[in-house]
Amino acid sequence: MLLRRFACDIEDRLARVIESIAAAAPFRHMVTPGGYRMSVAMTNCGHVGWVSNASGYRYDAVDPETGRAWPPLPDTFLDLAARAAKEAGFDGFVPDSALINRYEPGARLSLHQDRNERDLTAPIVSVSLGLPATFLFGGAERSEAPRRIRVEHGDVAIWGGAARLTFHGVAPLEDGQHPIFGRHRINLTFRQAR
């Protein structure tokens, strides 16, 4: 389900919270197990954060760059994720992790599945802020041609159930200027990781 402009009414609060999280756990470009630098800068908050390095993809309670626990999930995030999930029929969703991706012009995210979570019955709640992007939503196999869906500032996508392991990604971000987030697209991905 795609909820258009669902997060726009709290955009200023979200911007402040993201800035606070990034001050404690700075954005960084992680490296894939194959040794490639990701074009998207990332940080996390919650009980665990998603990390990638030569040993693989995983959730970890400790930020490998700071050696400290990730910042806690703020109430603003918890409320937004729960309200969006409920709209999509996933009442009672309580995330324990939020991956925060920062895209600059040209950055992209190749087709992948979110499958590192222990409970695959919980949905994924994905919030788009800043520059518009083309969200790629494929099928159960990477080879299936994805639908191209334009997502704009404040849009929230939710998928779960039979669609939970759908391959998805983001096409290269086009350049632009957003009044709050400048030349960036921010994506908040809420999950039940543990």
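Keep in mind that this is a model prediction, so the values were computed, not measured.

Trainee: Outline the environment of Ala 82, listing residues and values.
Mentor: Considering the arrangement of structural elements, one finds Ala 82 in helix α2 (residues 75-87). What makes Ala 82 partly exposed here is its relative accessible area of 29%. Separated by 10 residues in sequence, Ala 82 and Gly 92 place their C-alpha atoms 6.9 Å apart.

Trainee: Could you give an account of the side chain of Ser 128, with specific residues and numbers?
Mentor: For Ser 128, the location among the structural elements is in strand β7 (residues 124-130). A distance of 2.7 Å separates the side chain of Ser 128 from the side chain of Arg 185, its partner in a polar contact. In contact with Ser 128, other than residues within four places in its own chain, are Val 151, Glu 152, His 153, Gly 154, Asp 155, Arg 185, Ile 186 and Asn 187.

Trainee: Break down the nonpolar core for me, with residues and values.
Mentor: What tends to happen in soluble globular proteins is that the nonpolar side chains get buried as a cluster. Core analysis: the biggest nonpolar cluster contains 32 residues, and Ile 18, Phe 77, Val 156, Leu 188 and Phe 190 have the highest contact counts within it. Among the elements of the structure, α1 (11-24), β2 (41-46), α2, β5 (97-103), β7, β10 (156-159) and β12 (185-191) are those that each provide at least two residues to this core. Of the residues forming this core, the biggest block, 6 residues, is contributed by α1. Phe 190 has contacts with Leu 73, Phe 77, Ala 81, Phe 93, Pro 95, Ser 97, Ala 98, Pro 123, Ile 124, Val 125 and Val 127, leaving out every residue within four places of it along the chain. Formed by 25 residues, the second largest nonpolar core is a distinct cluster that contains Trp 70, Leu 109, Leu 131 and Val 151.

Trainee: Give me the sheet that holds strand β6 (residues 109-112): which residues, what numbers.
Mentor: On the basis of which strands lie adjacent, the open sheet formed by 4 strands has the order β6-β11-β8-β9 and antiparallel pairing. The outermost strands of the open sheet, each flanked by one partner alone, are β6 and β9 (147-151). Direction aside, neighbouring strands of the sheet carry axes that sit 20° apart on average. Of the strand pairs in this sheet, β6 and strand β11 (residues 168-170) are connected by 2 bridges, and their pairing is antiparallel. In the strand pairing of β11, Leu 109 is matched with Val 170.

Trainee: Outline empty space enclosed by the protein, supporting the account with residue identities and numerical values.
Mentor: Tallied over the full model, the rule gives 1 cavity of 30 Å³ or more. What lines the largest cavity is simply Leu 2, Ser 126, Ser 128, Phe 135, Val 151, Asp 155, Val 156, Ala 157 and Arg 185. Contributions of two or more residues to the lining of the largest cavity are made by β7 and β10. A per-class count over the lining of the largest cavity returns 5 nonpolar, 2 polar and 2 charged.

Trainee: Can you lay out the sheet that holds strand β1 (residues 2-3) for me, pointing to particular residues and giving the numbers?
Mentor: Adjacent strands of a sheet form backbone hydrogen bonds with each other and so pair up, either parallel or antiparallel. Pairing within the open sheet is antiparallel, and its 6 strands lie in the order β1-β10-β7-β12-β5-β2. Each of the sheet's edge strands pairs with one partner strand only, and the pair in question is β1 and β2. The sheet contact formed by β5 and β12 spans 7 bridges and is antiparallel. Paired with Ala 98 across the strands is Phe 190, a residue of β12. Against the sheet, α2 contacts β1, β2, β5, β7, β10 and β12, and its axis sits at roughly 115° relative to β7.

Trainee: Give me α2: which residues, what numbers.
Mentor: If you check α2, its first and last C-alpha atoms are 18 Å apart, about what 13 residues at 1.5 Å a residue would give, namely 18 Å. Within the span of α2, buried status applies to Thr 76, Phe 77, Leu 80, Ala 81, Ala 84 and Ala 85. One side of α2 holds all its buried residues, which, seen down the axis, span an arc of 150°. The outward face of α2, more than 90 degrees from its buried face, is lined by the exposed residues Asp 75 and Lys 86. Looking one or two places after α2, you find Gly 89, whose phi comes out positive at around 95°.

Thresholds applied
- Residues numbered from 1 in each chain as written.
- Predicted model: local features only at pLDDT ≥ 70, side-chain atom pairs only at ≥ 80, totals over all residues.
- Heavy atoms only, no water.
- Helix = DSSP H or I, 4+ residues; strand = E, 2+ residues; numbered from the N terminus.
- Buried < 20%, exposed > 50% of the residue type's maximum accessible area, 1.4 Å probe, protein only.
- Polar contact = N/O pair within 3.5 Å; in protein donor to acceptor, adjacent residues only side chain to side chain.
- Contact = heavy atoms within 4.5 Å.
- Core = buried A, V, L, I, M, F, W, Y, C linked by side-chain atoms within 4.5 Å.
- Pairing = 2+ DSSP bridges.
- Axes fitted to C-alpha atoms, helices over the stretch in contact; angles between N-to-C directions.
- 1 Å grid on protein atoms, 1.4 Å probe; cavity = no way out; pocket = protein on both sides within 12 Å on 5 of 7 lines; lining within 4 Å.
- Points joined across faces, edges and corners; volume = space filled by probe spheres on them.
- Nonpolar A, V, L, I, M, F, W, Y, C, P; charged D, E, K, R; others polar.
- Expected span 1.5 Å × (residues − 1).
- Arc of directions from axis to C-beta.

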